[in-house]
Amino acid sequence: MACQSTRTLALLVFTLCLSGACIARAETPRIGAEDDWYPYTALRNDRIEGMSADIVRAAFNASDTSVELTPYPYSRCMELARSGSLAGCFNTTPDAHIRAEFLLPQEVLFSDDILLWGHAGDAAIDDLDAIRGKRVAVTIGYTYGEYFDSYADIQRIAVRRDINGFRMLQRGRVDYVIAFRGTTDALLRDNPELVGQFKALTRVHRPRLYLTFSRHPPRAATLLRDFDAGMRQIRQDGTYQRILANWQLSDGQSSAHGSTLQERHNNKTESP
């Protein structure tokens, strides 16, 4: 009787899978989304929210592609995508290592300024040499541009979240924090007791942020093409611009801090 029941159950499962239910579930690609990078992507109210999450959803919807967004800490998200457990991960600022390990689409999610933050009374900074030997809080897994990432003469203090870096700066445990403009603005809105204590001292870099795709899942290349096609569609029909407006965020084109340290460094190294 037990064997007969097992065979009956197996036949039922096989029949359901032939109907497409199991196949559809198994083939829905999972995309990793940062769980703590608001207002771009974060897990809030038991849901993945944020500007880039809305962009990713809209792009795949425009190409009639089903994906499942799953929240992870950024470093974990990238590792799972690298190994093929996830089809992709966002938000990524590519460097040479990431370009070698992942597939990058043609279409960019958005841009934002990376700023070096100090105490409200600190002077502006024109070059990283001005902070040689100082302690700078950096978020685990993030990249901040080749100039900053390769600069050896500062002490990098790794933190799990941007807020940890700012609290360390507040208490004098680090000298500076490096963080994106948009996420810092949101962080200060959520923590009004920190408002007025910090100042952006320079713009370090203005990267483009991407949804990166794993090189391992068999559908990765198709997903990348679907994403690019969807991004082109939502830029053309105005959906992309409406998402930016809904979040009241720009696409990283502000010139409030002039050229970036990375741009100035590159100009110096390229000059004869």
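See the structure printed just above.
Bear in mind the structure is a predicted one, so any value in this text is a computation, not a measurement.

About the cut-offs
- Residues numbered from 1 in each chain as written.
- Predicted model: local features only at pLDDT ≥ 70, side-chain atom pairs only at ≥ 80, totals over all residues.
- Heavy atoms only, no water.
- 1 Å grid on protein atoms, 1.4 Å probe; cavity = no way out; pocket = protein on both sides within 12 Å on 5 of 7 lines; lining within 4 Å.
- Points joined across faces, edges and corners; volume = space filled by probe spheres on them.
- Nonpolar A, V, L, I, M, F, W, Y, C, P; charged D, E, K, R; others polar.
- Helix = DSSP H or I, 4+ residues; strand = E, 2+ residues; numbered from the N terminus.
- Pairing = 2+ DSSP bridges.
- Axes fitted to C-alpha atoms, helices over the stretch in contact; angles between N-to-C directions.
- Contact = heavy atoms within 4.5 Å.

Observations regarding empty space enclosed by the protein
- The tally for this structure, following the rule as stated, stands at one cavity of 30 Å³ or more.
- Its boundaries defined by the atoms lining it, the largest cavity holds a volume of some 70 Å³.
- Around the largest cavity, the lining residues are E34, W37, Y74, N91, T92, T93, G141, Y142, T143, F180 and L209.
- Considered class by class, the residues forming the lining of the largest cavity number five nonpolar, five polar and one charged.

Here's the deal with the layout of surface pockets
- Within this model, the largest pocket holds a volume of roughly 400 Å³.
- Along the walls of the largest pocket sit 24 residues, with D36, W37, R161, D162 and I163 positioned nearest its centre.
- Within the residue set of the lining of the largest pocket, elements represented by two or more residues are β2 (36-37), β3 (41-44), α4 (74-83), α7 (162-170) and α8 (181-190).
- No other element matches the four residues that α8 contributes to the lining of the largest pocket.
- Per-class residue counts for the lining of the largest pocket are 11 nonpolar, four polar and nine charged.
- A volume near 290 Å³ is recorded for the second largest pocket.

Here's the deal with the sheet that holds strand β12 (residues 198-205)
- Pairing within the open sheet is mixed, and its five strands lie in the order β10-β9-β11-β8-β12. Looking at strand neighbours, the two that pair on one side only are β10 (155-159) and β12, the edges of this open sheet. Each adjacent strand pair in this sheet contributes to an overall mean axis angle of 30°, direction not counted.
- The pairing of strand β8 (residues 114-119) with β12 spans six bridges and is classified as antiparallel. The partner of I114 across the bridge, within β12, is H205.
- Sheet strands in contact with α8 are β8, β11 (176-180) and β12, and its direction is about 105° off that of β11.

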